[in-house]
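Coordinate analysis (summary)
Listed below are the residues making up each chain.
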Amino acid sequence: MYCTRNVTKDLFWVGGNDRRLALFEGVYQIPRGVSYNSYLLLDEKTVLFDTVDTAVSQVFFENIDHVLNGRKLDYLVVQHMEPDHSGTVSALLARHPETVVVTNSKVLVQLKNYFPQIAFDSVQIVDETTEFSTGTHHFRFVMAPMVHWPEVMVTYDETAKILFSADAFGTFGALDGALFADEVDFFRDHLDEARRYYTNIVGKYGVQVQSLLKKAAGLDIQMICPLHGFVWRENLGAYLEKYQLWSSYTPEEQGVVLAYASVYGNTANAVDALACRLRDRGVTTTVYDVSVTPAADILAACFRYSHVVLASPTYNGKCFVKMEDLLHDLANHNFQNRTVALMENGSWTPMAAKSMTDLLSGCKNLTLLEPLSMLCTLKNEQSAQLDVLADAIADSISA
């Protein structure tokens, strides 16, 4: 049974939802599932913008057949070659051999690598100078390399003022009947998943996202159609502002992420004591156990808040393994422009702070506060040290 929605009077969402996939890209938990968006335009010529993951291929082809209603498919625009969007290209072209593939030269290379059995004789190569028309609709193409693969481009419909944005502006979560962001309370119920999507999927490539945002600023965009998540037709500025902050590694809010590793609870207790003192000083806090909370969630929180506290026992002469994983994740996603405090524990010689400092050494523009060290437990006589750390964090927030 087909499941489509009108985006405009002649543009249709023909994608699908996957609520059974547990790990997106084999890494990121998606308890709400994920949508794979594809859009079909019925103009004088018909054009499909990207395909979907093979997991939702059945409903995808039913949707296309329903919308086409016997018409041929003239064009397929391929913007991004990640298999969750290109996985059904081969099956689509087998069903519609009349279709011309519209894409850039880098995508074509990957198409041939992913689908060596296809000749790809009917291809129109485009770049940023190309003028492309389907009748009443006229399109421009904007190259967006490393947002978040090197071949990516986005497509701007000059007639309808729609940006088909590939993986940019997407979010985790299946579409539960609601296609548009204004059909839900997005900033209350879905912003966390949008942030987690951005920081983990695209977060490393802030410079490239900034470049795309600058190009987009020169376009009159009235609607954004991403490949995951909701379509934006209202309040675009508020969402674009989030992307501006995330891609420039600017905190959204003043507050502290406290992420700790604790084998027997003593380091956890010290972090809770610090969190209480910070709250006493009017500071927003959120606390995570790195052994329980996925690094992807903590990474998103670190992009959200201005300050980060990292606490770890010494483990094999370094910081705890799960803390080490988090720090590698932070460094690999270009974590920067934050104030960081370290807490270390050790039964003999605390060494975790040095290990954490080394792992953060490649991160830009970090302000490191004086670390707090403890032997086995945080002693009552260290209360003054804890207050000094709490004061230093609170003072740097209010500065």
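Everything in this summary refers to the structure shown in the same document. (Residues numbered from 1 in each chain as written. Predicted model: local features only at pLDDT ≥ 70, side-chain atom pairs only at ≥ 80, totals over all residues. Heavy atoms only, no water.)

Glancing now at the pattern of salt bridges. In this structure the tally under the stated criterion is 21 salt bridges. With a closest N to O distance of 3.7 Å, Arg 188 and Asp 185 form a salt bridge. For Arg 188, a relative accessible area of 61% gives the class exposed. Residue Asp 185 is classed as partly exposed on the basis of its relative accessible area of 37%. (Salt bridge = Lys/Arg side-chain N within 4 Å of Asp/Glu carboxyl O. Buried < 20%, exposed > 50% of the residue type's maximum accessible area, 1.4 Å probe, protein only.)

For helix H9 (residues 266-280), which comprises 15 residues, the first-to-last C-alpha distance of 22 Å matches the rise-based estimate of 21 Å (1.5 Å per residue) to within 8%. Along H9, the residues that are buried comprise Thr 267, Ala 268, Ala 270, Val 271, Ala 273, Leu 274, Ala 275 and Leu 278. Buried residues in H9 make contact with strand S17 (253-260), strand S18 (285-289), strand S19 (305-315), strand S21 (338-346), strand S23 (372-375) and helix H13 (383-398). (Helix = DSSP H or I, 4+ residues; strand = E, 2+ residues; numbered from the N terminus. Expected span 1.5 Å × (residues − 1). Contact = heavy atoms within 4.5 Å.)

Each neighbour pair has its own omega, and for Val 147 with His 148 the value is 10 degrees, a cis peptide bond. Following the sequence through the fold, His 148 ends up in the loop between strand S13 (138-143) and strand S14 (153-157). Look at Lys 161: it is not a glycine, yet its phi comes out positive at around 60 degrees. Locating Lys 161 in the fold gives a position in the loop between S14 and strand S15 (162-164). Of note, Asn 316 is a non-glycine position whose phi angle comes to about 55 degrees, a positive value. Examined against the element boundaries, Asn 316 turns out to sit in the loop between S19 and strand S20 (318-319). The exposed category is assigned to Asn 316, whose relative accessible area is 73%.

What follows covers the sheet that holds S14. The sheet built from five strands is open, its strands ordered S12-S13-S14-S15-S16 with mixed pairing. Two strands in the sheet have a free side with no partner beyond their single neighbour: strand S12 (132-133) and strand S16 (223-225). The pairing of S14 with S15 spans three bridges and is classified as antiparallel. Residue pairing in the sheet places Asp 157 in a bridge with Ile 162 of S15. (Pairing = 2+ DSSP bridges.)

Okay, the packing of H9 against H13 next. Two elements in contact, H9 and H13, have axes whose closest approach is 9 Å; the angle formed by their N-to-C orientations is 55 degrees. Our classification of the angle between H9 and H13 gives oblique. As H9 runs across H13, the sense of the crossing is right-handed. Counted together, Ala 270, Ala 273, Leu 274, Arg 277 and Leu 278 of H9 and Ser 383, Leu 386, Asp 387, Leu 389, Ala 390 and Ile 393 of H13 form the full contact between these two elements. When grouped by side-chain class, the residues that make up the contact of H9 with H13 number eight nonpolar, one polar and two charged. (Axes fitted to C-alpha atoms, helices over the stretch in contact; angles between N-to-C directions. Parallel < 35°, antiparallel > 145°, perpendicular 65-115°, else oblique. Left-handed = near helix turned anticlockwise from the far one by under 90°. Nonpolar A, V, L, I, M, F, W, Y, C, P; charged D, E, K, R; others polar.)

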